[in-house]
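Understanding the architecture of this molecule
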Amino acid sequence: MATKQVTLKKLIPPIRQWEGPKTQRLVRTPGDFGLGQVPVEMKPDATTNVICGFCSTGCGLNIHMKDGQAVSLTPTTDYPVNMGMACPKGWEALTPLQANDRATTPMIREQRGGKLVATDWHNALTEFTTRFKRVQKEHGKESVAFISTGQIVTEEMAYLGALAKFGMGIKHGDGNTRQCMATAVVAYKQSFGFDAPPYTYQDFEESDVIVLVGSNLCIAHPIMWQRVERNQNNPEIIVIDPRKTETAVAATQHYPITPKSDLVFFYGLAKILLEKNYVDEAFLEAHCEGYQEFYEHIQKFTLDEVEQCSGITPEQMEYLAETIGNGQRVSFWWTMGINQGHEAVRTAQAIINIALMTGNIGRPGTGANSITGQCNAMGSRLFSNTTGLLGGHDFANAQDREKVADILDIDVSLIPDAPSMAYDQIVNGIHDGKIKGLWVIATNGAHSWIHQDRYKEAMEKLDYLVVQDMYTTTETVEYADLLLPAAGWAEKDGTFINSERRVGLVKKVAKAPGDALSDFNIFRLITDYWGCRDAFASWTSPEKVFQLLTKLSEGQPCDISGIKNYQQIDAQGGIQWPCLPQDVAGLNKDNQRRLFGDGRFYHTNQRAKFIFADPQQVAEPTDKDFSMILLTGRGSSAQWHTQTRTKKSAVLRKLYPQSIYVEIHPDDADDLGIKPNDLVLVKSRRAGVTATALVTPTVQRGQLFMPMHYAKANQLTMGSFDPYSRQPSYKFCAVAVMSAVNTSPS
Ligand code: SF4
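Please read these numbers as outputs of a predicted model, since none were measured by experiment. (Residues numbered from 1 in each chain as written. Predicted model: local features only at pLDDT ≥ 70, side-chain atom pairs only at ≥ 80, totals over all residues. Heavy atoms only, no water.)

1. Focus: the site of the ligand
Rule in force here: For this description, a residue counts as near a given molecule or strand if any of its non-hydrogen atoms is within 4 Å of it. Each residue gets one label: Ala, Val, Leu, Ile, Met, Phe, Trp, Tyr, Cys and Pro are nonpolar, Asp, Glu, Lys and Arg are charged, and the others, such as Gly, are polar.
Lining the immediate environment of the ligand, one finds Cys 52, Phe 54, Cys 55, Thr 57, Gly 58, Cys 59, Ala 86, Cys 87, Lys 89, Gly 90 and Ile 223. Residue composition of the shell around the ligand, grouped by class: 7 nonpolar, 3 polar and 1 charged.

Given below as structure tokens:
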């Protein structure tokens, strides 16, 4: 179907030499962005397809309109990702748009502790500009930072990152994506030379051995699990996970390793693969470097040590090695169980090393495959302009800065020459008094950030906090001095990039309520109010920005310069990167594209690198006072992250417990006198949380599991981080548990 065009007044003057931010006459108002209108050129009873706005699977959904209103949806049957399937969140994707706590007008808090009260866009943006400029004047440009998200469209991410850094002089900005996939980014960059998940979803169907590590695919990525179920090769499905998850129950082999013993486990596995001659020496010789050093490194990881550390016996390890070694097409997949660890990057690389040494990469059904989380985490990885410069470029590289400045027609001096602080460093910067102003866009850190109380203390220390969000009731909005009301998914246009690198379209099929605007149009207004419009003269619509991004990607591994417009993406059923102009002729809806089929990686010498390290102690081992390990993670396929959207659906609410619960092993429960559904107190060194006991052998003795969707879970977690990716380690902290009878509820 035809791409919809937002009708904007063409009030932008011709490009002239950019002279840096300055005050200038405002000639645009919110009304110029279609406020109060439904600017969709669509037949009132049309059906159109969009990409789901929850997870990184990137399913296609058909939105059905009646009398100009989006009234229902069905999964798209001919979309190559989901083939007519959707999980509960996808089926309910329209419901959260109707919630009665939608932000419908800008809101301002005149004094701390007071209420947010409605204001208009002019007042809100005048306040935004005046307050942030004052903070920068008093404390330096670097004293204002932003925290963004993997939930907005790529064009908005790019606009935000460019506006903040090239227009507002902000140096530090990161995304909530730091919480889910920073590890994979760093691991791939170091091992392959670029952040390049190599797979296509068809690989789930073509493997004869599927190894899932720290990944509960059944509920975290249910449609990817459906792709596994379509596999006609009767595959061995191996789950490596401390918990007996839904996926572990459905697998043919489950290895319940001790939490955070992964690195020892994989080095031991590599050693036994080597000893059993399951090494692809021709591949190593032709396409890798560092194998000899890796060979020497793994010699010390004996099966006895693996058993002592991970609990997996030598016989189990031998059987696992034989299954992998005898597989013809072995694929390795990991998610947050790996990414959210204290030595996460090296663990991800231990998995990559095994794929490389066994030659399981670049062929159908193979790969060292990180599955990401949010619907547009992959867009953020390439185009958010936070820790990496637009288009997968490097802030520290002068040539990259020149290229970007040239394409954007801005002065190169506007581009910072170093990457941003990471999320945890920004939070620390607030505590240290270096960051005084913060702009939070479409994320809810007061719920989701690790060691929550410390995050909340940081929010209270800020001189000025702006939150830009769809809702008025998130935990983070409680701290906001200013709330900017944003449109949600399906209320705006743009693109997402899914886990298999597929660029897909999001379309405006519903009007945002009240005075809410798309994030894109909020950024355009801020551009004007801040006085830096000249630098963004060509950033007039999401599609125009997309075309800029395709230019920025030219010559990069993620080159998408073959994609000329949104219609092309629609017609092809999404397009995986890379897509150069010469690739376009071969595209069709069944086209599945994986990387490294030619064995050439992105390092200068085109070889993949073996990278490894000695295992490190967790930051907070158990002891006599806190003798149990707390794991956190996804609870059900009906819940999404901090539940700002999924809890709005009565249908979804029926699919999961409404109050916080903790899984505890029956033997531990017996020892502690805890019965099913008792209230228990879970205590860490940071807080105590009362939860309902779910007595179940899904967790091992000495371990507890608490879903991350309940805000209190992160009162318990400890702020420790992988040293390379700075991703938080949500998967291990020391706690104690006791009956809540005779204890005060938290
Ligand atoms: Fe949406 Fe993910 Fe569910 Fe697909 S699996 S419908 S993308 S939430």
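2. Comments concerning the pairing of strand β17 (residues 494–497)
The condition that has to hold: Burial classification: accessible surface area is computed with a 1.4 Å probe over protein chains only, and a residue below 20% of its type maximum counts as buried, one above 50% as exposed, and the rest as partly exposed. Secondary structure elements follow DSSP: runs of H or I of four or more residues count as helices, runs of E of two or more count as strands, with numbering from the N terminus. For two strands to pair, DSSP has to find at least two bridges joining them.
Neither face of β17 is exposed, since Gly 494 and Phe 496 on one face and Thr 495 and Ile 497 on the opposite face are all buried. One ladder, built from 4 bridges, connects β17 with strand β18 (residues 502–506); its direction is antiparallel. Along β18, the bridge assignment pairs Gly 494 with Val 506. Counted along the chain from β17 to the antiparallel partner β18, the turn is 4 residues long, and its residue Arg 501 has a positive phi close to 75°.

3. Examining the domain arrangement of the protein chain
The cut-off we apply is this: Boundary definitions for the domains trace back to an automatic or database domain assignment. Take the accessible area each of two parts loses on contact, using a 1.4 Å probe, and add the two losses: that sum is the buried area.
Domain annotation of the protein chain identifies domain 1 (107–180 + 377–541), domain 2 (187–370) and domain 3 (628–739). Centre-to-centre separation of domain 1 and domain 3, based on C-alpha positions: 30 Å. Where domain 1 abuts domain 3, roughly 1900 Å² becomes buried across the two surfaces, and 53% of that area is made up of carbon and sulfur atoms. It is His 447, Ile 450 and His 451 in domain 1 that bury the most area against domain 3; as a group they hold 33% of the surface buried on that side.

4. Thoughts on the side chain of Asp 174
Note the following rule: Every residue pair with non-hydrogen atoms within 4.5 Å of one another is taken to be in contact.
Looking at the secondary structure, you find Asp 174 in strand β7 (residues 172–175). The class for Asp 174 is buried, based on a relative accessible area of 3%. Residue contacts for Asp 174: discarding those within four places in its chain leaves Phe 146, Ile 147, Ser 148, Thr 386, Thr 387, Ser 420, Met 421, Ala 422, Tyr 423 and Ile 426.

5. Observations concerning the sheet that holds strand β8 (residues 209–213)
In a beta sheet, neighbouring strands pair by backbone hydrogen bonds and run either parallel or antiparallel. Going by this rule: Between N-to-C directions, angles cover 0 to 180 degrees, with each direction set by a line fitted to C-alpha atoms, over the stretch in contact for helices.
With parallel pairing, the 5 strands of this open sheet are ordered in space as β10-β9-β8-β12-β13. The open sheet terminates on both sides in strands that have one partner only, identified here as β10 (253–255) and β13 (367–370). Within this sheet the neighbouring strands show an average axis-to-axis angle of 15°, counted without direction. Here 5 bridges tie β8 to strand β9 (residues 236–240), and the two strands are oriented parallel to one another. Within β9, the residue paired with Val 211 across the bridge is Ile 238. On the sheet, helix α4 (residues 182–192) packs against β12 (330–334) and β13 and is oriented at approximately 150° with respect to β13. This element, helix α15 (residues 344–357), spans β8, β12 and β13 of the sheet and lies at about 175° to β12.

6. Let's talk about the sheet that holds strand β22 (residues 661–664)
Here we have 6 strands rolled up into a closed barrel, ordered β21-β25-β22-β24-β23-β26, and mixed in their pairing. Neighbour-to-neighbour, the strand axes of this sheet turn through a mean angle of 45°, independent of strand direction. In terms of strand pairing, strand β21 (residues 628–633) meets strand β26 (residues 733–739) through 3 bridges, oriented antiparallel. Across the sheet, the residue bridging to Leu 630 is Cys 733, located in β26.

7. Some words on helix α11 (residues 291–298)
Spelled out, the test is: Here, the arc refers to the directions that run from the helix axis to the C-beta atoms.
Residues Tyr 291, Phe 294, His 297 and Ile 298 constitute the buried set of α11. What you see down the axis of α11 is that its buried residues fit within an arc of 115°, all on one side. Those residues of α11 that are buried are in contact with α9 (262–275), α10 (281–287), β11 (288–289) and α15.

8. Thoughts on unusual backbone geometry
Here the residue pair Trp 577 and Pro 578 is connected by a cis peptide bond, since its omega of 0° sits within 30 degrees of zero. Structurally, Pro 578 can be placed in the loop between β19 (575–576) and β20 (608–609). Even without glycine at this site, Asp 67 takes up a positive phi of about 50°. Note that Asp 67 resides in the loop between β2 (60–66) and β3 (69–75). Notably, Lys 260 is not glycine yet its phi reads approximately 65°, a positive angle. In this fold, Lys 260 is placed in the loop between β10 and α9.

9. What about the pattern of salt bridges?
The condition is simple: Salt bridges are defined by distance alone: a side-chain nitrogen of Lys or Arg within 4 Å of a carboxyl oxygen of Asp or Glu.
Following the criterion strictly, the structure yields 30 salt bridges and no others. One salt bridge connects Arg 686 with Glu 620, and the closest N-O pair in it is separated by 2.9 Å. Of this pair, Arg 686 sits in the loop between β23 (679–683) and β24 (688–695) while Glu 620 sits in the loop between β20 and β21, and the two are 66 residues apart along the sequence. A single salt-bridge network, built from bridges that share partners, covers Glu 620, Asp 623, Arg 685 and Arg 686.

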